[in-house]
Amino acid sequence: MPRKFLKRLLPAPQKVREDKVFRRFLGGWLHDPNIWHLNRHSVSGAFAIGLFMAFLPFPLGQTLMAASAAIFFRVNMPLAAALVWITNPVTMGPVYLLAINLGELILGEPVAITHFELSVDWQSEEFAILWKPLATGCMVFSVVAAAVGYSGIHLLWRGYILHKLRKKRRRRRNTET
């Protein structure tokens, strides 16, 4: 993976250190240089953490949880926090619906929603029925996404490095002849 490309996408460390929310909750930990590195281990770990947190069934606080986990595991914190936004207000509905369907399939307990109503009472009643399949499906999505993200980025990064080495060797051979 090209570092220049990722550096363009991610915010500067100083900008994140000055952010009120991050500074308040993460304070001095933001000065650890390991959470800003862009290498194969750091980016792969950030993908694993960000994708794991993205599919958890509670949308509030995912970014802060991902940032905290990235600091704990010493992987790229801005990337882990940004990847959480794969599940956003637009994608959240379909993702959670798929998670419920997967949870029903795994648990073998079909859940039927008879009607939809946009009220707190309806949500609390339905959540009592849907929480098991939702939690099960979300955990499966989280674990699979984290494993695929970590492995995929690790392999892509390695492939990119090998490609560059082969290209460099070819250039050397061509200049020697």
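Here, the structure is the one placed above.
Summary of the structure given here. (Residues numbered from 1 in each chain as written. Predicted model: local features only at pLDDT ≥ 70, side-chain atom pairs only at ≥ 80, totals over all residues. Heavy atoms only, no water.)

**Some remarks on the overall build of the chain**
Counting secondary structure elements, the chain contains eight helices and zero strands. Counted from the first residue to the last, the chain has its helices and strands arranged as α-α-α-α-α-α-α-α. Among the 177 residues that make up the chain, the fraction classed as buried is 35%. For the chain, the proportion of contacts with a sequence separation of at least 24, taken over those separated by at least 6, is 72%. With the model as given, the accessible surface of the chain reaches about 11500 Å², and the carbon-plus-sulfur share is 66%. (Helix = DSSP H or I, 4+ residues; strand = E, 2+ residues; numbered from the N terminus. Buried < 20%, exposed > 50% of the residue type's maximum accessible area, 1.4 Å probe, protein only. Contact = heavy atoms within 4.5 Å. Areas by Shrake-Rupley, 256 points an atom, 1.4 Å probe, with all protein chains shown as cover.)

**Looking at the packing of helix H4 (residues 40-54) against helix H8 (residues 120-176)**
Where H4 meets H8, the axes come as close as 7 Å, and the angle between the chain directions of the two elements is 160°. It follows from the interaxial angle that H4 and H8 lie roughly antiparallel. In the packing of H4 onto H8, the handedness of the crossing is right-handed. Touching Arg-40, Val-43, Ser-44, Gly-45, Phe-47, Ala-48, Leu-51 and Phe-52 of H4 are Met-139, Ser-142, Val-143, Ala-145, Ala-146, Gly-149, Tyr-150, Ile-153, His-154, Trp-157 and Arg-158, all from H8. Considered class by class, the residues forming the contact of H4 with H8 number twelve nonpolar, five polar and two charged. (Axes fitted to C-alpha atoms, helices over the stretch in contact; angles between N-to-C directions. Parallel < 35°, antiparallel > 145°, perpendicular 65-115°, else oblique. Left-handed = near helix turned anticlockwise from the far one by under 90°. Nonpolar A, V, L, I, M, F, W, Y, C, P; charged D, E, K, R; others polar.)

**Digging into the packing of helix H7 (residues 92-107) against H8**
Axis separation between H7 and H8 bottoms out at 7 Å; the angle between their running directions is 100°. Taken together, the axes of H7 and H8 lie roughly perpendicular to each other. Of the residues in H8, those touching H7 at Val-95, Tyr-96, Leu-98, Ala-99, Ile-100, Leu-102, Gly-103, Glu-104, Ile-106 and Leu-107 are Leu-130, Lys-132, Pro-133, Leu-134, Thr-136, Gly-137, Cys-138, Val-140 and Phe-141. Residue classes in the contact of H7 with H8 are distributed as 14 nonpolar, three polar and two charged.

**Re unusual backbone geometry**
Phi angles above zero are rare outside glycine, and Arg-74 is one such case at about 60°. Tracing the backbone shows Arg-74 in the loop between helix H5 (62-73) and helix H6 (77-83).

**Points about H5**
Over its twelve residues, H5 extends 16 Å from the first C-alpha to the last, a length consistent with the 16 Å expected when each residue adds 1.5 Å. Listing the buried residues of H5 in full gives Gln-62, Ala-66, Ala-67, Ala-69, Ala-70 and Ile-71. Of the residues one or two after H5, Arg-74 is the one with positive phi, at around 60°. (Expected span 1.5 Å × (residues − 1).)

**Let's talk about the nonpolar core**
Counting residues in each nonpolar core, the largest one holds 36 residues, and the members touching the most others are Val-43, Phe-47, Ile-49, Met-53 and Met-77. The set of elements that each furnish at least two residues to this core consists of H4, H5, H6, H7 and H8. Looking at this core element by element, the count peaks at seven residues for H4. Among all residues touching Phe-47, those that are not within four sequence positions of it are Leu-79, Leu-83, Gly-149 and Ile-153. (Core = buried A, V, L, I, M, F, W, Y, C linked by side-chain atoms within 4.5 Å.)

**Side note on the packing of aromatic side chains**
Counted by the stated rule, this structure contains two aromatic pairs. Here the aromatic rings of Phe-55 and Phe-141 are separated by 6.1 Å at their centres, their planes lie at 65°, and the arrangement is edge-to-face. Residue Phe-55 is located in the loop between H4 and H5, and its partner Phe-141 is located in helix H8; the two are separated by 86 residues in the primary sequence. Using a relative accessible area of 23% as the deciding quantity, one classes Phe-141 as partly exposed. When the centroid spacing of 5.0 Å and the interplanar angle of 85° are considered together, the rings of Phe-72 and Phe-73 count as edge-to-face. Residue classification places Phe-73 among the exposed residues on the basis of a relative accessible area of 52%. (Phe/Tyr/Trp six-rings, centres within 6.5 Å; stacked < 30°, edge-to-face > 60°.)

**Things to note about the layout of surface pockets**
Roughly 450 Å³ of volume is contained in the largest pocket. Residue lining of the largest pocket: 14 residues in total, with Tyr-96, Ile-100, Trp-122, Leu-130 and Leu-134 positioned closest to the centre. Elements supplying a minimum of two residues to the lining of the largest pocket: H7 and H8. Examining the composition of the lining of the largest pocket, we find that six residues originate from one element, H8, more than from any other. Residues of the lining of the largest pocket, tallied by class, amount to eleven nonpolar, two polar and one charged. (1 Å grid on protein atoms, 1.4 Å probe; cavity = no way out; pocket = protein on both sides within 12 Å on 5 of 7 lines; lining within 4 Å. Points joined across faces, edges and corners; volume = space filled by probe spheres on them.)

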